[in-house]
Each structure stands twice: as C-alpha cells, then as structure tokens.
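Commentary on secondary and tertiary structure
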Amino acid sequence: MADKRKVLLQFDTDQHASSFDSLVAIDAGADVILPYANVGLEQIVDLIHGAMFTRGLDDLCRTAAFFGGSNYELSEKLYQRSLGAFFGPVRVSLMLDPNGANTTAVAAIRAVETHTSLDGKQVAILGGTGPVGTRLASLASKLGAQVRLFSRNKQRADEAIGRLPDFARRELIQGVLLPNEANRATVLNESDILIAAGGAGVQFFPENWLSEATGLKIAVDLNAVPPAGLPSIEPHDTGVLRGQGTVCFGPLGVGGLKMKIHKGCLRALFEANHRHLATLEIYELAQHYG
Ligand SMILES: NC(=O)c1ccc[n+]([C@@H]2O[C@H](COP(=O)([O-])OP(=O)(O)OC[C@H]3O[C@@H](n4cnc5c(N)ncnc54)[C@H](OP(=O)(O)O)[C@@H]3O)[C@@H](O)[C@H]2O)c1
C-alpha cells in the first residue's frame, strides 16, 4: 500500500535549514520534513529527482519542496532549476519563500488592499533593495501603482530594479535616494502608501514623522526588531488610524496575515502535484486567506 504521509523536502541555502520554516510546515499539516542545508546548484537536480521518482504518479501530490534561506537569488535559481527537471506529469509542487520574503511582501500588499486598490497610487518603499522590498515593488507595479524604491545608494536601487522578476512593470518603478530631513515631508506628501522594508532594527524616520504626513493614506512598518522602522506605528497595528488620518499596519499586524498565507500555501502544495508558488502565485493564492 502506498505511503500516504505528506512529505516536505525543505531546501535551504544556509548552514542550517530554518527551524522556523520547519515548524510552520508541521503546523500546516506536513507529516514529515526532510531538511537539507547548504543546498547548491550542483545538488538540486539529484535531490529533486529523488522527490520525482520515488513514489508513484498518484502519490506525487503528497511530496512537495520548499525553497528557503537567506540568499534569495540562490534559492530562486534552485527553484528554477527544479522546475526545469520536471517533465509531463512527473513533477511535485514547489514553494519559493526565502526568509519569508514572498509571504511577507504579499501580506503587506494584501493588508494595504483591505483599505484601497493599488492601481494608480503612489507607493514609496523604504529599504526597497532587499528581498522583501523588491517583491513589494514588483507586486505593487503589477497592480498598477507608481513605485519609488528607496535606497541609501541610487545605483543599488537601479540594480535592484534591473533584477526584478519578469512580471514587474519596470516602467512604473523608479530608484530613489532615501529621503533626508530636508525632503522628508515632500516625499511623504507625494506618497499615498509608504512601506518600510529596511533591515531588522533599521529606523528610517524620527518620532514626529507622522505629523508631517498630511496626505499619506497608508503606512506599513515590516521591521519587528526595535527600534521600529516607522516610530509611532505599534507592532500590532492592523489598520489603526494615526497621525493626520493615516491607516497604520505594524510588523506583527502584517505578520499574522503572513503566517496565514504561508500555511495556506503549504497546504495547497499537497492538494496537487503541479503547484509552483513564487511571488505572483503566492499573491494569487493569498486572495483566499485574507
Ligand atoms: N513582519 C514579518 O512578518 C516579517 C517577515 C519577514 C521579514 N520581515 C522584515 O522585513 C524587513 C525586510 O526584510 P529583508 O530581508 O528584505 O531586509 P534586508 O535585506 O536585511 O534589508 C533591506 C534593505 O534595508 C536597507 N538597509 C539596511 N541597513 C540600513 C540602514 N542602516 N539604514 C537604511 N537602510 C538600511 C538596505 O538597503 P540599501 O543598502 O539599498 O539602502 C537593504 O537592502 C526586515 O525588517 C525583516 O525583519 C518581517
């Protein structure tokens, strides 16, 4: 009799496979997690062949693979190379979410969408060159927003835009230097939506920044490590009105939705053997999770 256990191969680019990703997978219903650390391009096809050829066709929906770790670009290459190893129905479902970048960016966009459509909006992304910021910029542009991707270095911002996934509408995205005290109010008031996606513990603005933001409709801070990225947004804020009427989301407010999306996508992996979930597919599935 075929083994009906749901098995997740967890491919991680770091020295240790993420315990967070393992635990979320168990909570989402995976029966067995097979964690692989330090996975490189030389190993991935053999590992994926193990997932493809061990169980019969009818049982492939009970094997899936998750790509994580702190190196987004390498994880994405592993994911792409795995897709290239499949043929016909001989495939397993895959999910790409290195350091939670896709599920976090999708959760932030979905949080914003509970209040407004992004189409035609001016979106400012602080710390926009990281894995979360670049996914945010890609999704926001896809949804029709004009995006300014802020960095401490203009060249880094432009290079990050050059590396965005194909679905991003690059013509709607502009790389910009982080605002300083002199132009902060202007940047705030030229934006409908502000998202802080800087590294952990990076604070962008001083305490009183919200008083300058007279036209800002929505502000999202994704940094959960003190000090806050956008002070005066509280970690648990989920659509709380602050300042001059800005709807605010804090990192734990967005984090709750991120966890729902992460688990929902993992469950979806085991519903069929052909789910291939990267940024855009995770966004599409997330419509069902909030
Ligand atoms: N709430 C949640 O559920 C959740 C889940 C996952 C991640 N997160 C958070 O999401 C945020 C983004 O994650 P990530 O992995 O994309 O971040 P990251 O790669 O560590 O950093 C993003 C960008 O921050 C900028 N930065 C770094 N140090 C800075 C400084 N001192 N001053 C100004 N800018 C600085 C850098 O851009 P430049 O060098 O180009 O300026 C960097 O590319 C993090 O705070 C992370 O903890 C939250």
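No experiment lies behind these values; they were computed from the predicted model shown. Every chain begins its residue count from 1, and numbering advances along the sequence as written. Per-residue local features of the predicted model are confined to residues with pLDDT of at least 70, and side-chain atom pairs are confined, for both listing and counting, to 80 or more; whole-chain, interface and lining totals are unaffected and use all residues. Side-chain figures throughout are based on the complete set of non-hydrogen atoms in the structure, without hydrogens or water.

**Brief notes about the site of the ligand**
Here a residue is near a molecule or strand as soon as one of its heavy atoms is found within 4 Å of it. Inspection of the region around the ligand gives 22 residues, with Thr129, Ser151, Arg152, Arg156 and Gly198 positioned closest. Between an oxygen atom of the ligand and a main-chain N or O atom of Val132, the distance comes to 3.0 Å. We define a polar contact as two N or O atoms separated by no more than 3.5 Å, with the added condition that, inside protein, one atom must be a possible hydrogen donor and the other a possible acceptor, whereas residues neighbouring each other in sequence contribute only through side-chain atom pairs. One of the backbone nitrogen or oxygen atoms of Pro251 is found 3.1 Å away from a nitrogen atom of the ligand. Method for areas: the Shrake-Rupley scheme with a 1.4 Å probe, in which residue coverage is limited to the protein chains shown. Across the complex, the protein chains shield 74% of the 930 Å² of accessible surface that the ligand would expose by itself. Helix and strand definitions here come from DSSP, where helices need a minimum of 4 consecutive H or I residues and strands a minimum of 2 consecutive E residues; each element is numbered from the N-terminal end. For the shell around the ligand, the secondary structure elements donating two or more residues are helix H5 (131-142) and helix H9 (251-269). Broken down by element, the residue count for the shell around the ligand peaks at 3 residues, all from H9.

**Quick notes on the sheet that holds strand E12 (residues 276-277)**
The strand order across the open sheet formed by 5 strands is E2-E1-E3-E4-E12, and the pairing between neighbours is parallel. This sheet does not close on itself; its edge strands, each paired only once, are strand E2 (32-36) and E12. Two strands are said to pair when DSSP picks up at least two bridges between them.

**Here we look at the pattern of salt bridges**
The rule for a salt bridge is simple: a side-chain nitrogen of Lys or Arg has to be within 4 Å of a carboxyl oxygen of Asp or Glu. According to the stated counting rule, one finds 12 salt bridges in the structure shown. Of the charged contacts in the structure, one is a salt bridge between Lys154 and Asp158, with a shortest N-O distance of 3.0 Å. Taken together, the residues Lys154 and Asp158, both in helix H6 (residues 154-162) and 4 residues apart, mark about one turn of the helix. Residue exposure (1.4 Å probe, protein chains only): buried if accessible area is under 20% of the type maximum, exposed if over 50%, otherwise partly exposed. Look at Asp158 and you get partly exposed, because its relative accessible area is 35%. Among the ionic pairs, Glu212 bridges to Arg184, the shortest N-O distance being 2.9 Å. Pair noted here: Glu212 is in helix H8 (residues 209-212) and Arg184 is in helix H7 (residues 184-189), with a separation of 28 residues, a long-range link. For Glu212, a relative accessible area of 22% puts it in the partly exposed group. Exposure remark for Arg184: the relative accessible area of 8% places this residue in the buried category.

**Things to note about the state of the cysteines**
Criterion for a disulfide: a pair of cysteine sulfur atoms within 2.5 Å. In the structure shown here, the tally under the stated rule is 0 disulfides. Cys61 carries a free sulfur, and the closest cysteine sulfur to it, the one in Cys265, is 17 Å from it.

Purely spatial values, then, with no claim about function.
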